[in-house]
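# Analysis of the macromolecular model
Next come the chains, spelled out residue by residue.
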Amino acid sequence: MSKLVVAIGLALLISMLFLSQTAYASESEDNITLASSPQITINVSNNVDVNVSYWGIILSTNNTTIGTTFEEQPWSFSNTTSGYSYESSFKLKSISGSDLGDFYNKFLNPSKKQDALKSNDFSLEVKTFVNVSKYQGPISSLQIQNTSSGTSSNLDRIDASTIKTSFSVVFDTSYPIGGYSMYLVQSLKASENSVGLSFENVSAYGDNSTYSGVAMQNSNVTNNTRALYWWNNNFSYNGNTGTSNSQIFHKEEGIYLVYEFKAAGKAGHNVLSQDPYISVSGSNLLGSKITHFVQGAVNYFLQHVEFLIGGFCAGAVVMMIFFVKHARGRIKI
């Protein structure tokens, strides 16, 4: 009996050791995780974590301001030949009294008019796409220039360390809504060894083109850039090219990044699109697995962790019973 108890104990210990080593190995690899609503998290083996979340969209005209947050909406998710795609249809409605409305009044309403978010019945049905794919472009390195500090550095191996995201919104109107601003609000977070990185507005140069970007650094020095979120200053509007404005607003953890797309609200079909990129220094994202991490998957994982812990505890109880019986059998009174 004692040999059986020892064998069971060794088997359990080896199993637990194997599982812990497997978990450690999987955590140490570069990986990309996509959430149920448009959100990209990159974890790389040099302990740099970057998260880009599409938080909300706002449409502001002379007469009204409407919008929504992306987490409120149902998103379909598909694996395409070029990457992964989010798709959703929803209505932009009054944001008065909402977190998005508070954000607009605090950061984006230059006149600070109290009636800028006055409630009305106007709403707009839109269809929104967010695509995620591994970078396939001509740029192999970027020169990053921080104009405020005068420092510069290079970010190399762009082809292997970059994820491309594409955002587009489509809507139809039966009458002109006049000139408008479409605001895309994103939330950015980044850390190295669980310590938050700082964010700096920078310019980036590569392949004879100039890009805007946000450098994520472990200090306010550009040559300490750990990751770069960068984009062409142009966006597409019904096949034409427009110039976008971008602003960053600091929050308790990370920043809000806001793109403003100004366009003429013509009647009929309207399409706006923009393509930013995420590059993480020292990573190899070409061979990384992209995982779609939804709430169901979380529950499935937690459930199996519970089963594993329950089984381990049950096994420990059985071993203890065997041990007690074995010990009693050997005690001489």
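Calculation notes
Every chain's residues receive numbers from 1 upward, in the order its sequence appears when written. Owing to the predicted nature of the model, reporting of local features is limited to residues with pLDDT of at least 70; listing and counting of side-chain atom pairs is limited to 80 or more, with chain, interface and lining totals taken over all residues. To obtain the side-chain values, all non-hydrogen atoms of the structure were used and water was disregarded. The criterion is simple. A nonpolar core is a set of buried Ala, Val, Leu, Ile, Met, Phe, Trp, Tyr and Cys residues joined through side-chain atoms within 4.5 Å. For the exposure calls, accessible area comes from a 1.4 Å probe over protein chains only, and a residue counts as buried if that area is under 20% of its type's maximum, exposed if over 50%, partly exposed in between. We count a stretch as a helix when DSSP gives it H or I for four or more residues in a row; a strand needs E for two or more, and each element gets its number in order from the N terminus. In this analysis, two residues are considered to be in contact whenever any of their non-hydrogen atoms come within 4.5 Å of each other. Salt bridge, as used here, is a side-chain nitrogen of Lys or Arg placed within 4 Å of a carboxyl oxygen of Asp or Glu. A score between 0 and 100, pLDDT records how confident the predictor is in each residue. Pairing between two strands requires that DSSP report at least two bridges joining them. Ring pairs shown here join Phe, Tyr and Trp side chains whose ring centres sit within 6.5 Å, with only the six-membered ring taken for Trp; geometry is labelled stacked below 30 degrees between planes, edge-to-face above 60, and tilted in between. It is the directions from the helix axis to the C-beta atoms whose arc is reported.

The next point concerns the nonpolar core. Counting 52 residues, the largest nonpolar core has Ile 42, Val 50, Tyr 180, Met 182, Tyr 229 and Leu 272 as its most contacted members. Broken down by element, this core gets its largest block of residues, six residues, from strand S3 (residues 48-60). The contact partners of Met 182, leaving out residues within four places of it in the chain, are Ile 57, Ile 58, Leu 59, Val 169, Phe 171, Tyr 259, Glu 260, Phe 261 and Leu 272. Counting 13 residues, the second largest nonpolar core, distinct from the first, contains Leu 142, Val 202, Tyr 211 and Trp 230.

Let us look at the pattern of salt bridges. Summed over all chains, the structure comprises two salt bridges. Between Lys 127 and Glu 87 there is a salt bridge; the shortest N-O distance is 3.3 Å. A residue pair is termed long-range when its members are at least 10 positions apart, and Lys 127 in strand S7 (residues 124-134) and Glu 87 in strand S6 (residues 84-94) qualify at 40 residues. A residue is classified by how much of its surface remains accessible, and Glu 87, at 29% relative accessible area, is partly exposed. Among the salt bridges present, the one from Glu 192 reaches Arg 226, with a minimum N-O distance of 3.1 Å. Highlighted residues: Glu 192 in strand S11 (residues 178-192) and Arg 226 in strand S15 (residues 225-231), separated in sequence by 34 residues. Taking the relative accessible area as the measure of exposure, Glu 192 reaches 18% and is therefore buried. Given a relative accessible area of 21%, Arg 226 falls into the partly exposed group.

A few words now on the confidence of the model for the protein. When pLDDT is averaged along the protein, the result is 81; 75% of the residues meet or exceed 70. Contacts of residues 295-318 to residues separated by more than four positions or lying in other chains number four contacts, the stretch itself having pLDDT below 50.

With six bridges joining them, strand S18 (residues 245-250) and strand S19 (residues 255-265) adopt antiparallel strand pairing. For Asn 245, the partnering residue across the bridge sits in S19 and is Glu 260.

Phi at Asn 193 takes a positive value of approximately 55°, unusual for a residue other than glycine. If you trace the backbone, Asn 193 turns up in the loop between S11 and strand S12 (195-196). Non-glycine residue Asn 238 carries a positive phi angle of around 50°. Along the chain, the position of Asn 238 falls in the loop between strand S16 (234-237) and strand S17 (240-243). Looking at Asn 238, the relative accessible area reads 26%, which means it is partly exposed.

Pairs of aromatic rings are described using the distance from one ring centre to the other and the angle between the two planes. Scanning the model with the defined rule gives 24 aromatic pairs in all. Aromatic pair Phe 70 and Trp 75: ring centres 5.5 Å apart, planes at 55°, arrangement tilted. Both residues of the pair, Phe 70 and Trp 75, count as buried. Relative to Tyr 183, the ring of Tyr 104 has its centre 6.3 Å away and its plane inclined at 70°; by these criteria the two rings are edge-to-face. A residue pair is termed long-range when its members are at least 10 positions apart, and Tyr 104 in helix H2 (residues 99-108) and Tyr 183 in strand S11 qualify at 79 residues. Accessibility assignment for this pair places Tyr 104 and Tyr 183 in one class, buried. Linked through ring pairs, Tyr 54, Phe 70, Trp 75, Phe 77, Tyr 84, Tyr 86, Phe 90 and Phe 167 together constitute an aromatic cluster.

This part covers the environment of Lys 251. Among the structural elements, Lys 251 can be located in the loop between S18 and S19. Leave out the neighbours within four places in its chain, and Lys 251 touches Ser 187, Lys 189 and Tyr 256.

Okay, H2 next. Of all the residues in H2, the buried ones are Leu 100, Gly 101, Phe 103, Tyr 104 and Leu 108. Down the axis of H2, the buried set is contained in an arc of 160°. They therefore lie on one face. In this structure, H2 carries Asp 99 and Lys 106 as exposed residues pointing more than 90 degrees from its buried face. Structurally, H2 contributes buried residues whose contacts are with S3, strand S4 (65-69), S11, S18 and S19.

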